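In case you want the letters, here they are:
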Amino acid sequence: MAERPYIVGNWKMNGTRAMLAQARAIDRASQNLMKVEVAIAPPYTLIHATHREVEQIGVGAQDCHPDPEGAHTGDISATMAADAGAKFAILGHSERRQDHGESNALVAAKASAALEAGMRIILCCGESEETRDAGKAESFVTRQLKASLPENLESPEESLTVAYEPIWAIGTGRTPTVEDIGAMHSAIRALLVELYGEEQGQLVRILYGGSVKPENARELLDADEVGGALVGGASLTAESFLGIVMAAADTADA
Ligand code: PGA
C-alpha cells in the first residue's frame, strides 16, 4: 500500500442534485481521515455544485473531449470541466472504450487535453474475461496502457494515477485473486519505471477497480503495489464509500 492511499468514487451516470447530500457526508467524514486521499467524480452536471459543497475531497470528471472548444454538440472539453471545478479526469474507462469505441490514441489525446487544462489524470486499463482466460492479461494491459499514455506528461508522480480495472470485475461482484492483482500491478509498475525512470515510476499510484466494497476493501488494498481503489457502485452512498475509505485508513496505519 502506498503511503497515502487514494480512494476515488466514480458515480458514472448516477446522481441528481439530491446526491449532493452524499458528497457532503463523504467530505465531512474525510476531514477526520486525513491519511487517505478521497475524491469523487460525479456526472458533469454535478461537478460545479459538488465543488462548491466540499472542502476536503477532490472533485473530478469522468471524461473530456480532446479539443479545448469547437463544434462538437453534446461534448464537454477539459477546459470546461476544469472551469466547473474538476481537478482530475478519469480517462479510458472500459465503459467509454466499449460504449463509445474509444481507441488508445483517443484516450491519449484526451489525457493530453486534461493535462493541458491543468487537471491530473486517472488512466484506466483492464482486460476482458476472454483475454484473461487466454493467459494474455498482462501483455494486453501493459500494451493498452502504454498506448493510452499522453506524450505531454511532465511530472508523472504528480499528474498520473493508473487504475487497473478488469472488465469482468466491474459491477459483477467478482474480483481477481489478491495474487492476480499483485502480479498485474507489478507488471504495470515495471512499465511505469521503464517509461519514467526508477524514481518517478515508483511514485505513480496504481489503483485497483472492480467490485470494491467495504467487505473486501481491506484485502484488495493489501495486495502488492495497490495504492488505492476506483469505486463504482459502492461509491453511491456515503455509508458504503466511507466503509472503503476507513478500510484504506486501516491499511495505511498497518
Ligand atoms: P464497480 O465499478 O465498483 O461498480 O465494479 C468500478 C468502476 O467501473 O470504476
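The rules behind these values
- Residue positions within a chain follow its written sequence, with the count starting from 1.
- Thresholds applied to this predicted model are a pLDDT of at least 70 for local features of residues and 80 or more for the giving and counting of side-chain atom pairs; totals over whole chains, interfaces and linings are not thresholded and use all residues.
- The side-chain numbers reported here are obtained from all heavy atoms of the structure, hydrogens and water having been left aside.
- Think of it this way: any DSSP run of H or I at least four residues long counts as a helix, any run of E at least two long counts as a strand, and we number them from the N terminus.
- Between the first and last residue of a helix there are one fewer steps than residues, each counted as 1.5 Å, and that sum is the expected span.
- Remark: exposure states derive from per-residue accessible area (1.4 Å probe, protein chains only) relative to the maximum for the residue type, with buried under 20%, exposed over 50%, and partly exposed in between.
- Here the arc refers to the set of directions running from the helix axis out to each C-beta atom.
- Residues are treated as being in contact if the distance between any of their heavy atoms lies within 4.5 Å.
- By convention in this text, a residue qualifies as near a molecule or strand provided that one of its non-hydrogen atoms is within 4 Å of it.
- What qualifies as a polar contact is a pair of N or O atoms within 3.5 Å, subject to a donor-acceptor requirement within protein and to the restriction that residues adjacent in sequence count only when both atoms come from side chains.
- Using a 1.4 Å probe, accessible areas were evaluated by the Shrake-Rupley method; residue-level cover was limited to the displayed protein chains.
- Asp, Glu, Lys and Arg are counted as charged, while Ala, Val, Leu, Ile, Met, Phe, Trp, Tyr, Cys and Pro are counted as nonpolar; the rest, among them Gly, fall into the polar class.
- The pairing criterion for strands is at least two bridges between them, as found by DSSP.
- Looking down the strands as they point away from the viewer, one classifies a crossover as right-handed if the path from the first strand across the helix to the second runs clockwise.
- For helices, the axis comes from a line fit to the C-alpha atoms of the stretch in contact; other axes are also lines fit to C-alpha atoms, and the angle between any two N-to-C directions lies between 0 and 180 degrees.

If you check helix α7 (residues 137-148), its first and last C-alpha atoms are 16 Å apart, about what 12 residues at 1.5 Å a residue would give, namely 16 Å. Along α7, the residues classified as buried are A137, V141, T142, Q144, L145 and S148. Seen from one end, α7 has its buried residues packed into an arc of 160 degrees, which puts them on one side. Where α7 is buried, its residues meet α4 (94-99), α5 (104-116), β5 (120-125), α6 (129-133), β6 (160-164) and α9 (178-203).

In the vicinity of the ligand lie 13 residues, with K12, H93, E165, G171 and S211 positioned nearest. Contact between the ligand and K12: an oxygen atom at 2.7 Å from a side-chain N or O atom of the residue. At a separation of 2.7 Å, an oxygen atom of the ligand approaches a polar backbone atom of G171. Burial of the ligand by the protein chains amounts to 95% of its free accessible area of 280 Å². For the shell around the ligand, a count of residues per class yields 4 nonpolar, 7 polar and 2 charged.

Once that is clear, we can look at the pairing of strand β1 (residues 6-10). β1 sits mainly inside the fold: 5 of its 5 residues count as buried. Residues Y6, V8 and N10 line one face of β1 and the alternating positions I7 and G9 line the opposite face, and both faces are buried. Across 5 bridges, β1 lies against strand β2 (residues 37-41) in parallel orientation. Bridging across to β2, N10 finds its partner in A41. Read from β1 through helix α1 (residues 20-30) to β2, the crossover connection turns out right-handed. Bridge count between β1 and strand β8 (residues 228-231): 4 bridges; the pairing is parallel. Its bridge partner lying in β8, V8 is registered against L230.

A barrel is described by the order of its strands in space; here 8 strands give the closed sequence β1-β2-β3-β4-β5-β6-β7-β8, paired in parallel fashion. For this sheet the average axis-to-axis angle between neighbouring strands, irrespective of direction, equals 25 degrees. The sheet strands contacting α9 are β5, β6 and β7 (205-209), and the helix crosses β7 at an angle near 160 degrees.

Take it as geometry only, folks, not as evidence of what the structure does.
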